[in-house]
Amino acid sequence: TGLCVQALLRQAVRDSCKLHLTYLSPERGESRRTLRPLALIYHIECTMLAAWCELRGGFRHFRTDRMLAAELLEDSFAPEAGALRKLWMEQESWDFAFAP
């Protein structure tokens, strides 16, 4: 269910663990990606995961309602998590406090 996926995503963000995601994009169809999850963003219409996408080599946002499957990997990116999160926030020009 959606709540189980969101709990898994929160754990991945909190613990700085990589995720394997199967995602359905309206433009590109189904794709499989390895992500370094940075934050969950709650909008009125949807919830999104902000992450570093290893496939695309950049920051991407993924709607949780388009996630077909998500698997928590044992790979940690904790040493670079703070720097990645800071760079993501600078690129997005968002000004808010982050508390892991």
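As shown above, the structure is provided for reference.
The rules behind each value
Residues numbered from 1 in each chain as written. Predicted model: local features only at pLDDT ≥ 70, side-chain atom pairs only at ≥ 80, totals over all residues. Heavy atoms only, no water. Helix = DSSP H or I, 4+ residues; strand = E, 2+ residues; numbered from the N terminus. Rg over C-alpha atoms; globule rule 2.2 N^0.38 Å. Buried < 20%, exposed > 50% of the residue type's maximum accessible area, 1.4 Å probe, protein only. Contact = heavy atoms within 4.5 Å. Lys, Arg positive; Asp, Glu negative; His and termini not counted. Charge placed at Lys NZ, Arg CZ, Asp CG, Glu CD. Salt bridge = Lys/Arg side-chain N within 4 Å of Asp/Glu carboxyl O. Pairing = 2+ DSSP bridges. Axes fitted to C-alpha atoms, helices over the stretch in contact; angles between N-to-C directions. Phe/Tyr/Trp six-rings, centres within 6.5 Å; stacked < 30°, edge-to-face > 60°.

### Topic: the overall build of the protein
At step 1: Looking only at helices and strands, the protein features two helices and five strands.
At step 2: Scaling as 2.2 N^0.38, a compact globule of 100 residues should have a C-alpha radius of gyration of about 13 Å, and the protein matches this with 13 Å.
At step 3: Structurally, the protein occupies a C-alpha span of about 30 × 30 × 25 Å along its principal axes.
At step 4: Scored against the burial criterion, the 100 residues of the protein give a buried share of 40%.
At step 5: Expressed as a percentage of contacts within the protein between residues at least 6 apart in sequence, the contacts between residues at least 24 apart total 51%.
At step 6: Within the protein, the 13 negative side-chain charges are centred at a point lying 3 Å from the centre of the 13 positive side-chain charges.

### Describing the pattern of salt bridges
At step 1: Inspection of the entire model under this criterion finds six salt bridges.
At step 2: In this structure, E54 and K18 form a salt bridge, with 2.8 Å as the shortest nitrogen-oxygen distance. With E54 in the loop between β3 (47–53) and β4 (58–63) and K18 in strand β1 (residues 17–25), this pair connects stretches of sequence that are 36 residues apart.
At step 3: Since its relative accessible area comes to 33%, E54 is described here as partly exposed.
At step 4: Salt bridges here are not isolated pairs; linked through shared partners, they connect K18, R36, E54 and E80.

### Re the sheet that holds β1
As a general point, the strands of a sheet are linked pairwise by backbone hydrogen bonds and lie either parallel or antiparallel.
At step 1: Ordered in space as β4-β3-β2-β1-β5, the five strands form an open sheet in which the pairing is antiparallel. Edge positions in the open sheet fall to β4 and β5 (67–76), since each of these has one partner strand only. Taking the axes of each pair of neighbouring strands and ignoring which way they run, one obtains an average angle of 45° across the sheet.
At step 2: Bridge count between strand β2 (residues 29–42) and β3: seven bridges; the pairing is antiparallel. Note that in β3 the partner of P37 across the bridge is A51.

### Things to note about the packing of aromatic side chains
At step 1: A full pass over the atoms with the stated rule returns two aromatic pairs.
At step 2: Both rings, one in W52 and one in F59, keep their centres 5.1 Å apart while their planes meet at 80°; by these two values the pair is edge-to-face.
At step 3: Looking at W52, the relative accessible area reads 22%, which means it is partly exposed.
At step 4: Here F59 falls in the buried class, since its relative accessible area comes to 12%.

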